[in-house]
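Each chain is listed here by its residues.
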Amino acid sequence: MALHSADSTPVGSTSLPYYSPMYTSPLGTPSHGAGGGATPETTVSWGRQSLGFCTPPRLRTPTVADLGGLLRVRSASGRRHSSRGPSAKLLSHSRESSPQRRRVAPPSPCMSEGGPKQHLGNRLELCFMASTDSLPHSAIVSPRRLSMPKSPNRSSFTSRPAFNRIKTVPHEFIALRDFGTGGSQRVGAAGGSDWERWSNDLTAEVEAHVEAHMRICSKCRVFSVFSKSRCWKKKPPVTDLTLATLCRDGMQGLDQHVQTAITCAKNVSLQALAASLKLSVECLMSFEGIAERFRDTTFASITTCAAEELRVRSQAHMREEMLPALNDAGAAQAAVSMWRAIVAPLFGNRLVPHERGSLVMGTEVEAFATKEVETQQARVASKIVEWERCWITGNSATEKQEGGDSSVAKSFSETFSVFGEPVFDYDRRPLEVPESLPISKDWRREIDNGLLTQEQIDSGTSRPIRVVVRIRPAIASETGDKLTASANTDGVTVTFRGTSNDCQTLEFDRVLDAPQTTVFSQSGVKALVHKACEGHTATIMAYGQTGAGKTYSLLGPKDCMSQMVDDMPAIDDGIGQLIPPVCTELVDGTRLMKVAEQGLVPRCMQFVFSVLGPCSTVKVSFMEIY
């Protein structure tokens, strides 16, 4: 094991039997030992020429008195052994001859790994430190702890400065540390009057919490500045430095209290956002960008959330016209997804059971639901075009007239988003189960199966014979042909055009260019059914040329003949619920859509039981003549 001199150069070897400290006087005369009246120089060297010991290292090693300073020995286990050197009498207080710290090697080979057990081990750290009071200003250095190299051939040493650090709140208490550095004051300054009031309340709560902790913690009553300030006229401020004087349990309790206050404030802001957007809190938290900001417990995140809440609430009037269409589209998509996940595996290619035997296939329900979603999406697309024309183009023109910057006009995606997350994108958010399904068309109102008043019955049957004309639209094979008859807007006249472009207008009791439901409700057939139930004889006759639509007006499509207008799907088979309520509305919509296509004959048969009651018995006959 080699020894190192002041310039970190090996000057000895393991074959050297004895070592001795040597002080070199200013005249260059070596002086052995600590006595002899020699004046020590600013360097201490260990070398082959400084032989002064006659005692083997096992019997005597260099002591602290020989070194004249502070000897620190540090073993590999981490324990340090320090001892103070001789008094100042042994050292000269001259600036030219004051000893300096030098690095030394382990004392002897006997302290290697194979040495006696009473030694400290093979990795030792010896630091000879002298008082710096007598050193010149340029020679004063900060104390360092030096470590020996791993091998004799390696002469690099590492040092670490030892200085007194200012005690602050540990980094593990993030919320308390942020509060102590003025986080709540920054929130109050940037968030407005409401957040300023919240900041003041939080500061008062923290001060009350500190006072309560001081009453139960004996350690803080001794060491904390809050305890020492009882005799002061002014209490110390609640800052990072003053909070750091509390015990660890006190800081942990304060940190949890501040985190709870931040979480409660963010929950209030989140509920305000959800109410402004007419969405649920769970829907907003399903977006990762929103959830990440609201889970953050720093005061900087409160400022961000408050600014976003202010923006969303200030743009609430821009979303009033769009929100109903967006919510209806989301409800339709949620109902379709639920049908495909729950009901379609049970009634995919089967009939959905009904109480009165209406025939509705599961595939027909899914087709109706898909068409409903497409209808709602088309409605949303048209609404977006109108919204952008109203709010973006109009705002830009207004700002240009007023001299403002037109680039500040908000886009649709920015207005209907939170923290950049498109909250109305139904492909990205979990679909919420709606309480009811808003069908794009109110089929029950279109069907009009309600009873007539006596005045309406008398008005519809005032004449013995009523002539009603129905004009069908052109079919595919008639595309491009010239139409010879058209219904006028008064609802009672028809204009006929001849080959010589001469026109003739005829008047009837009623002229209809409308769907099946309008024919049943406005042709006077409902009044005839009322009279027939009272015992009168009533006849409905369809007359026209081939292809005019007589059979369609009387019967309707073949797949619509077996539907009941007042039927209900059997949602419970005695074991459990088969169809959720939202999906039941899809089945009702499918059935009512087919009922709306029915002709006069099936509609009149169902209306008879509406007039007489469901428990009546009726015998009827039906005949078709060609």
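Residues numbered from 1 in each chain as written. Predicted model: local features only at pLDDT ≥ 70, side-chain atom pairs only at ≥ 80, totals over all residues. Heavy atoms only, no water.

Student: Run through the sheet that holds strand β9 (residues 493–497), naming residues and quoting values.
Tutor: With antiparallel pairing, three strands are arranged side by side in an open sheet as β8-β9-β10. Lying at the two open borders of the sheet, with one neighbouring strand each, are β8 (485–487) and β10 (503–507). Direction aside, the axes of adjacent strands within the sheet are offset by 25° on average. In the sheet, β8 pairs with β9 via three bridges, with the strands oriented antiparallel. Paired with S486 across the two strands is T495, which belongs to β9. (Pairing = 2+ DSSP bridges. Helix = DSSP H or I, 4+ residues; strand = E, 2+ residues; numbered from the N terminus. Axes fitted to C-alpha atoms, helices over the stretch in contact; angles between N-to-C directions.)

Student: Residues and numbers for unusual backbone geometry, please.
Tutor: One non-glycine residue with positive phi stands out, namely F419, at about 55°. Looking at the element boundaries, F419 is found in the loop between α14 (412–415) and α15 (443–447). Judged by its relative accessible area of 15%, F419 is buried. Notably, D448 is not glycine yet its phi reads approximately 55°, a positive angle. (Buried < 20%, exposed > 50% of the residue type's maximum accessible area, 1.4 Å probe, protein only.)

Student: Tell me about the pairing of β10, residues and numbers included.
Tutor: Here β10 lies mainly on the outside; zero of its five residues are buried. Bridge analysis of β9 against β10 gives five bridges, and the strand direction is antiparallel. Within β10, the residue paired with V494 across the bridge is L506. Hairpin connection between β9 and β10: a loop of five residues separates the two successive antiparallel strands, and N501 in this loop has a positive phi of roughly 60°.

Student: Go over the layout of surface pockets, please, and point to the residues and values.
Tutor: Empty space within the second largest pocket amounts to approximately 1200 Å³. Lining the second largest pocket are 35 residues, and of these I540, L554, V601, F622 and M623 lie nearest its centre. Contributions of two or more residues to the lining of the second largest pocket are made by α18 (525–533), α19 (550–554) and α21 (600–612). Ranked by residue count, the leading element in the lining of the second largest pocket is α21, at five residues. Counted by class, the lining of the second largest pocket contains 23 nonpolar, nine polar and three charged residues. (1 Å grid on protein atoms, 1.4 Å probe; cavity = no way out; pocket = protein on both sides within 12 Å on 5 of 7 lines; lining within 4 Å. Points joined across faces, edges and corners; volume = space filled by probe spheres on them. Nonpolar A, V, L, I, M, F, W, Y, C, P; charged D, E, K, R; others polar.)

Student: Explain a nonpolar patch on the surface residue by residue, including any values.
Tutor: A cluster of nonpolar residues, M605, F609, L612, V618 and V620, forms a patch on the protein surface that exposes about 370 Å² of accessible area. By relative accessible area, which is 32% here, F609 ends up partly exposed. (Patch = residues over 30% accessible without salt bridge, like charges linked within 9 Å, V, L, I, M, F, W, Y side chains within 5 Å. Areas by Shrake-Rupley, 256 points an atom, 1.4 Å probe, with all protein chains shown as cover. Salt bridge = Lys/Arg side-chain N within 4 Å of Asp/Glu carboxyl O.)

Student: Go over the confidence of the model for the protein, please, and point to the residues and values.
Tutor: Note: predicted coordinates in regions of low pLDDT should not be interpreted at a detailed level. Predicted confidence across the protein gives a mean pLDDT of 75, with 69% of residues reaching 70 or more. Within the protein, the element-level pLDDT minimum falls on strand β1 (residues 22–24), averaging 38, and the maximum on strand β7 (residues 468–470), averaging 95. Of the regions scoring below 50 in pLDDT, residues 1–61 engages in 107 contacts with residues more than four places distant in sequence or in other chains. Long-range and interchain partners of residues 80–164, a stretch whose pLDDT sits below 50, account for 156 contacts in this model, where long-range means more than four residues apart. (pLDDT = per-residue confidence, 0-100. Contact = heavy atoms within 4.5 Å.)

Student: Provide a residue-level description of helix α4 (residues 193–216), including the pertinent values.
Tutor: Given 3.6 residues per helical turn, the α-helix brings residues three or four places apart onto the same face. Here α4 is 24 residues long and its end C-alpha atoms lie 35 Å apart, about the 34 Å a rise of 1.5 Å per residue gives. Of the residues making up α4, those classed as buried are W195, W198, S199, L202, T203, V206, V210, H213 and M214. (Expected span 1.5 Å × (residues − 1).)

Student: Explain the environment of V373 residue by residue, including any values.
Tutor: Checked against the element boundaries, V373 lands in helix α13 (residues 362–402). Taking the C-alpha atoms as reference points, V373 and A335, separated by 38 residues in sequence, lie 9.3 Å from one another. Ignoring anything within four residues of it in the chain, the contact list for V373 reads A332, Q333 and V336.

Student: For the environment of V519, give the residues involved together with the corresponding values.
Tutor: Secondary-structure assignment places V519 in helix α17 (residues 516–522). For V519, a relative accessible area of 7% translates into the label buried. Among residues more than four places away in sequence, those in contact with V519 are R470, L512, A514 and L600.

Student: Residue-level account of the packing of aromatic side chains, with values.
Tutor: In this structure the tally under the stated criterion is nine aromatic pairs. Seen from their ring centres, F179 and F299 are 6.3 Å apart, and the 40° between their planes marks the pair as tilted. With F179 in helix α2 (residues 174–180) and F299 in helix α11 (residues 299–314), the pair connects residues that are 120 residues apart, well separated along the chain. Classification of F179 by relative accessible area gives buried; the value is 3%. On the numbers, 5.8 Å between centres and 75° between planes, the contact of F416 with F424 is edge-to-face. By the ring-pair criterion, three or more aromatic residues cluster together here, those being F179, W195, W198 and F299. (Phe/Tyr/Trp six-rings, centres within 6.5 Å; stacked < 30°, edge-to-face > 60°.)

Student: Could you give me a rundown of the environment of M561, with the residues and numbers involved?
Tutor: Along the chain, the position of M561 falls in the loop between α19 and α20 (581–595). Excluding its chain neighbours within four sequence positions, the residues that come into contact with M561 are L555, Q598 and P602.

Student: Provide a residue-level description of the pattern of salt bridges, including the pertinent values.
Tutor: Enumeration according to the criterion identifies 16 salt bridges in this entry. Between E288 and R295 there is a salt bridge whose closest N-O contact spans 3.1 Å. Given the relative accessible area of 51%, R295 is considered exposed. Among the ionic pairs, D566 bridges to R356, the shortest N-O distance being 2.7 Å. Pair noted here: D566 is in the loop between α19 and α20 and R356 is in the loop between α12 (323–343) and α13, with a separation of 210 residues, a long-range link. Residue R356 is classed as partly exposed on the basis of its relative accessible area of 44%.

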